[in-house]
Structure formats: C-alpha cells, structure tokens
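Structural overview for review
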Amino acid sequence: MNLFEDDIDMRVNLLPYDGTVYYYGKQLSVNEAKHYYEVLFEKIQWKQDEAFVMGKRILTKRKVAWYGDKAYLYTYSNTTKVALPWISELLELKKIVEDKTGESYNACLLNLYHNGEEAMAWHSDAETDLKPNAAISSLSLGAQRQFSFK
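Remember, it's a predicted structure, so these values are computed and weren't measured experimentally. Residue positions within a chain follow its written sequence, with the count starting from 1. Confidence filtering applies because this is a predicted model: local features only for residues at pLDDT of at least 70, side-chain atom pairs given and counted only at 80 or more, and all residues used for totals across whole chains, interfaces and linings. Where side-chain values are given, they derive from all heavy atoms of the structure, hydrogens and water being excluded.

1. Focus on the overall build of the protein
Only DSSP runs of H or I reaching four residues or more are called helices, and only runs of E reaching two or more are called strands; each is numbered from the N terminus. A tally of regular secondary structure across the protein gives two helices and six strands. Its helices and strands in sequence order give the protein the pattern α-β-β-β-β-β-α-β, from N to C terminus. Buried positions account for 27% of the 150 residues belonging to the protein. Working rule for contacts: check all heavy atoms of both residues, and any pair within 4.5 Å makes them a contact. Contacts spanning at least 24 positions in sequence make up 50% of the contacts within the protein whose residues lie at least 6 apart. Taken as a whole, the protein presents about 11,100 Å² of accessible surface, with 51% of it coming from carbon and sulfur. For the exposure calls, accessible area comes from a 1.4 Å probe over protein chains only, and a residue counts as buried if that area is under 20% of its type's maximum, exposed if over 50%, partly exposed in between. Every accessible area reported is derived by Shrake-Rupley at a probe size of 1.4 Å, with residue values counting cover from the shown protein chains alone.

2. Comments concerning a nonpolar patch on the surface
Patch rule: a residue counts if its relative accessible area is over 30% and it has no salt bridge; like charges are joined within 9 Å, and nonpolar side chains (Val, Leu, Ile, Met, Phe, Trp, Tyr) within 5 Å. By definition here, a salt bridge exists when the distance from a side-chain nitrogen of Lys or Arg to a carboxyl oxygen of Asp or Glu is within 4 Å. A cluster of nonpolar side chains, contributed by V53, M54 and I58, occupies part of the molecular surface with about 330 Å² of accessible area. For M54, the location among the structural elements is in the loop between β1 (47-53) and β2 (56-68). Judged by its relative accessible area of 83%, M54 is exposed.

3. Some remarks on the pattern of salt bridges
Here the structure, examined in full by the defined rule, presents six salt bridges. The partner of E89 in a salt bridge is K43, and the shortest N-O contact between them spans 2.9 Å. Here the residue E89 occupies a position in helix α2 (residues 88-101), and K43 occupies one in helix α1 (residues 30-43), the gap between them amounting to 46 residues. In this structure, R57 and E50 form a salt bridge, with 2.6 Å as the shortest nitrogen-oxygen distance.

4. Quick look at the environment of W86
Tracing the backbone through its elements, the reader meets W86 in the loop between β5 (84-85) and α2. Between N or O atoms, a polar contact is any pair within 3.5 Å; within protein, one atom must be a potential hydrogen donor and the other a potential acceptor, and residues adjacent in sequence are included only when both atoms are from side chains. A distance of 3.4 Å separates the side chain of W86 from the backbone oxygen of G68, its partner in a polar contact. In terms of polar contacts, W86 uses its side chain to reach the side chain of D69, at 2.7 Å.

5. Quick word on the nonpolar core
Nonpolar side chains in soluble globular proteins tend to end up buried together. In this text, buried Ala, Val, Leu, Ile, Met, Phe, Trp, Tyr and Cys residues form a nonpolar core when linked through side-chain atoms within 4.5 Å. Counting residues in hydrophobic clusters, the biggest one holds 14 residues, and the most contacted among them are L40, I44, Y67, L90 and L110. Where this core is concerned, the elements lending two or more residues are α1, β2, α2 and β6 (107-112). Residue contributions to this core peak at three residues, all from α1. When neighbours within four sequence positions are excluded, L40 is seen to be in contact with W46, I87, E89, L90, L93, L110 and L141. Listed in part, the seven residues of the second largest apolar core include V64, Y72, Y76 and A83.

6. With respect to the packing of α1 against α2
In this analysis an axis means a line fitted to C-alpha atoms, helices contributing only their contacting stretch, and an angle means the value between N-to-C directions, from 0 to 180 degrees. Relative orientation of the contacting elements α1 and α2 amounts to 140°, with a least axis distance of 10 Å. Between α1 and α2, the angle falls in the class oblique. Between α1 and α2 the crossing geometry is left-handed. Every residue of α2 that contacts α1 at Y36, V39, L40 and K43 is listed here: S88, E89, L90, E92 and L93. Throughout, the term roughly parallel applies to angles under 35 degrees, roughly antiparallel to angles over 145, roughly perpendicular to angles from 65 to 115, and oblique to all others. By definition, turning the near helix anticlockwise from the far helix through less than a right angle yields a left-handed crossing, and turning it clockwise yields a right-handed one.

7. Quick notes on the environment of Y36
Assignment of secondary structure puts Y36 in helix α1. Spatially, the C-alpha atom of Y36 lies 9.7 Å from that of E92, the residues being 56 residues apart in sequence.

8. Quick notes on the pairing of β1
Criterion used throughout: strands pair if DSSP finds at least two bridges between them. By the bridge criterion, six bridges tie β1 to β2 in an arrangement that is antiparallel. Along β2, the bridge assignment pairs A51 with I58. The turn joining β1 and β2, which pair antiparallel and follow one another in sequence, is formed by two residues; a positive phi near 50° is taken by M54.

What follows is the structure, given as structure tokens:
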C-alpha cells in the first residue's frame with residue numbers, strides 16, 4: 001500500500017483479523033509538517049529513552065517526551081514517565097487528529113528518531129488507566145518510515 005496516495009478509503013480496516021487500523025492519509029501540507037517538526041524539535045522537552053532489560057539500565061538512541069491533560073503516569077520497560085502540560089503546537093496537532101478521527105485524546109507520547117536505524121520494539125498499547133478502550137493515533141513528521149503491525 002502506498003501511504004501517500006490521494007485516493008484512500010478511510011473506512012477500510014487495514015488489520016481485519018486481529019485488531020482495527022484505519023489510515024487517514026496526509027493531514028498536513030509539506031510546509032505545515034516542516035513547521036511542526038522544527039517547532040517540536042526545539043520546544044519539546046526531549047529526553048533519551050531508557051529501559052531496563054534483564055536488570056540492566058539501557059539508554060536508547062531515540063528520545064521521547066510524554067505530554068497530557070494532567071500529570072498521567074506512563075510505565076513501560078520498567079520506567080515511569082510523568083506527563084508534562086501540553087504546549088500550544090501539540091494542542092493544534094491534537095485538534096487536527098481529533099477532528100479527523102472523531103476520537104478524543106488525553107495524552108501524547110512523542111518519539112524522536114534521528115535516523116532510519118532507530119526503532120521501537122514490538123509492543124502493545126493498553127493504557128486503560130488513561131482511558132478505557134482508548135483509540136491510539138500516530139502522526140509522523142519528517143522522513144518516511146515503516147510502520148509495522150503483528
């Protein structure tokens with residue numbers, strides 16, 4: 001599937017056997033995407049991500065930041081993050097995504113990948129403490145990357 005096609009049926013579930021995934025296509029112009037990328041790169045409080053694997057603390061190359069409606073706790077890989085208050089640009093992007101999907105979102109995990117060699121391991125998102133049966137959205141800015149499901 002070419003994710004940059006203009007003729008995309010947003011009603012088609014791309015993962016019909018064990019889950020639900022809808023693709024909404026491009027939401028920002030190239031100039032808007034560049035603007036948000038640059039602003040978020042500068043304004044977000046990026047921190048090197050860490051994980052505990054087999055009892056060892058590992059710092060990843062990727063950087064992350066966690067924002068939300070309130071100081072939500074988010075725990076994965078035996079580390080806990082406390083959500084920071086939204087910045088105006090994140091609220092603008094949040095509104096774009098909410099208007100398109102018809103969902104509401106109360107938190108956002110941002111991932112900064114410096115190059116195509118960085119990635120996130122297979123995982124599941126089941127943060128029922130944040131919102132039961134919550135939808136998860138992904139908005140990518142910058143270089144094209146593969147997004148895989150299994």
